[in-house]
Amino acid sequence: MTIPTRTPPPAADRQPVLNMAPRQAPTAPVAWSKPHEIGKRVLLYGVGGMGKTTFASRLPGARFIDLDKSLASIGAEIPCVTPADWSDFRSVIKSCSNMKSGEWLVIDSCTPLQNYCEHWVLANVRTDKGAVVRNIEGYGYGKGFRHVYDEWGQMLIDIDAVVEQKINVCFIAHSSNYNVANVEGDDYKRIEPRLQDAGDGGKSSIKEKMRDWADFVLCVREEVVIDESGKAQGCGTRALYSSVNPHCMAKSRRADGSQLPPLQITADNGAEVWQQILN
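The structure displayed is predicted, hence computed values, not measured ones.

A. Expanded view of the packing of helix α2 (residues 86-95) against helix α4 (residues 143-163). Packing of α2 against α4 leaves a shortest axis separation of 9 Å and a crossing angle of 20°. By the angle class used here, α2 and α4 are roughly parallel. Crossing of α2 against α4: the hand is left-handed. Contact residues: α2 offers W86, F89, R90, I93 and K94, while α4 offers E151, W152, Q154, M155, D158, I159 and V162. Counted by class, the contact of α2 with α4 contains seven nonpolar, one polar and four charged residues.

Structure, rendered in structure tokens:
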């Protein structure tokens, strides 16, 4: 049996295929402009007793969110407030936008602040099945740390709104020793801020988030010398590190791109050291 075929009409009789896609409006040219000035962002860290609070109190126009309640112990008469919990802290940050341009908001320190954040997550975030948990690991592998990381990021949005008003912000953190994976050789230890780092490649690392966010990551540590036997001994002096080096996490975004050597800190030169770093 032969199946009949249909002969297509002549080309002249064919209907043209219309392009019915909507015509896009021409894209407006980008209004390029010079970057506008914002406040400075600092992460200052070191072991307890290194004088971080005293050093930060030398910032011009400093106001403290005194979570460690340490200002009274150093005899500093500086305007301060101590929030009761995470929600209270977020409210204080939002009210700081009425500070004067150029003033410094100092958050002392990240240790209780991270505890506030964790407690808020436990009280307000349920598991995937709607259950309440008592510790951050109760959400399942890595999920609790991610919740804390996300909530911390929401707080930084509030901080950035303050920075946009040309108000400077300094976080103070404690430090610990961490192992650093070295792809070019043996791993080594480095001093870093004591902030959440769940070891998941940075996906929930508050430490890495703060490092990337800050313009300046400053490490205060005791200066040491190596004696003839090869042992390290303290010199009784303190140094501030603001440049990248193997033994401590540090960073600086300076206008001229220069890197400063370690600067010695004394009880009297705090204001001068700040001026040298930030200018």
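B. How the structure looks around the environment of E272. The residue E272 is located in helix α6 (residues 270-278) in this model. Between the C-alpha atoms of E272 and R58, which are 214 residues apart in sequence, the distance is 8.9 Å.

C. Spotlight on the pattern of salt bridges. Applying the stated criterion to the full structure yields 12 salt bridges. Linking D215 and R253 is a salt bridge whose minimum nitrogen-to-oxygen distance equals 2.8 Å. Note that D215 is positioned in the loop between α5 (206-213) and β8 (216-226) and R253 in the loop between β10 (251-252) and β11 (263-265), a separation of 38 residues in sequence. Judged by its relative accessible area of 41%, R253 is partly exposed. Here the salt bridges do not stand alone but share partners, grouping R190, E192, D197 and K207 into one network.

D. Representation of the packing of aromatic side chains in the model. By the definition in use, this model includes five aromatic pairs. Relative to W274, the ring of F55 lies with its centre 4.4 Å away and its plane at 10°, an arrangement referred to as stacked. Of this pair, F55 sits in helix α1 (residues 52-56) while W274 sits in helix α6, and the two are 219 residues apart along the sequence. Note on accessibility: F55 and W274 belong to one class, buried. For the pair W104 and W274, a centre-to-centre distance of 6.2 Å together with 40° between the ring planes defines the contact as tilted. Taken together, the residues W104 in strand β4 (residues 104-108) and W274 in helix α6 connect sequence positions 170 residues apart. W274 carries the same exposure label as W104, and that label is buried. Among the aromatic residues, those joined into a cluster by ring pairs are F55, W104 and W274. Here K207 stacks its cationic end above the ring of Y178, 3.5 Å away from the centre of that ring.

E. Focus on α4. For α4, spanning 21 residues, the distance from its first C-alpha to its last is 30 Å, which sits close to the expected 30 Å at 1.5 Å a residue. Every buried residue of α4 is listed here: G144, V148, Y149, E151, W152, G153, M155, L156, D158, I159, V162 and V163. Those residues of α4 hidden inside the fold are in contact with β1 (41-46), α2, β4, α3 (110-124), β5 (168-173) and α5.

F. Broad picture of empty space enclosed by the protein. Overall, the coordinates contain one cavity of 30 Å³ or more when judged by the stated rule. Each pocket or cavity is described by its volume, and for the largest cavity that value is around 50 Å³. If you go around the largest cavity, the residues you meet are G51, T54, F55, R58, R238, I265, T266, A267 and G270. For the lining of the largest cavity, the per-class residue count stands at three nonpolar, four polar and two charged.

Thresholds, definitions, all that
- Residue indices follow the written sequence of each chain, beginning from 1 at its first position.
- In keeping with the model being predicted, local features are shown solely for residues with a pLDDT of at least 70 and side-chain atom pairs are shown and tallied solely at 80 or more, while totals for entire chains, interfaces and linings include all residues.
- Think of the side-chain values as coming from all heavy atoms in the structure, minus any hydrogens and water.
- Angles shown run from 0 to 180 degrees and are taken between the N-to-C directions of axes, each axis being a line fitted to C-alpha atoms and, for helices, limited to the stretch in contact.
- Here a strand is any run of E in DSSP of at least two residues, a helix any run of H or I of at least four, and the numbering for each starts at the N terminus.
- Each angle receives one of four descriptions, namely roughly parallel if under 35 degrees, roughly antiparallel if over 145, roughly perpendicular if within 65 to 115, and oblique otherwise.
- In this scheme the crossing of two helices becomes right-handed for a clockwise turn of the near helix relative to the far one and left-handed for an anticlockwise turn of less than a right angle.
- Any pair of residues with heavy atoms lying within 4.5 Å of one another is described as a contacting pair.
- Residue polarity follows a fixed list, in which Ala, Val, Leu, Ile, Met, Phe, Trp, Tyr, Cys and Pro are nonpolar, Asp, Glu, Lys and Arg are charged, and the others, Gly among them, are polar.
- When a carboxyl oxygen of Asp or Glu lies within 4 Å of a side-chain nitrogen of Lys or Arg, that pair is called a salt bridge.
- Only protein chains enter the calculation, and the probe is 1.4 Å; a residue is then buried if its accessible area is under 20% of its type maximum, exposed if over 50%, and partly exposed in between.
- Planes of paired rings set the category: under 30 degrees apart is stacked, over 60 is edge-to-face and the rest tilted, where pairs are Phe, Tyr or Trp rings (Trp by its six-membered ring) whose centres lie within 6.5 Å.
- A ring has a charge above it when a Lys NZ or an Arg CZ is no more than 6 Å from the ring centre and no more than 35 degrees off the ring normal.
- Multiplying one less than the number of residues by 1.5 Å gives the expected span of a helix.
- A cavity, in this analysis, means grid points on a 1 Å lattice covering only the protein atoms where a 1.4 Å probe fits yet has no way out; a pocket is instead an open set bounded by protein on both sides within 12 Å along at least five of seven lines, and a residue lines either one if it has an atom within 4 Å of a point.
- Grid points are joined across faces, edges and corners, and a volume is the space filled by probe spheres set on the points.

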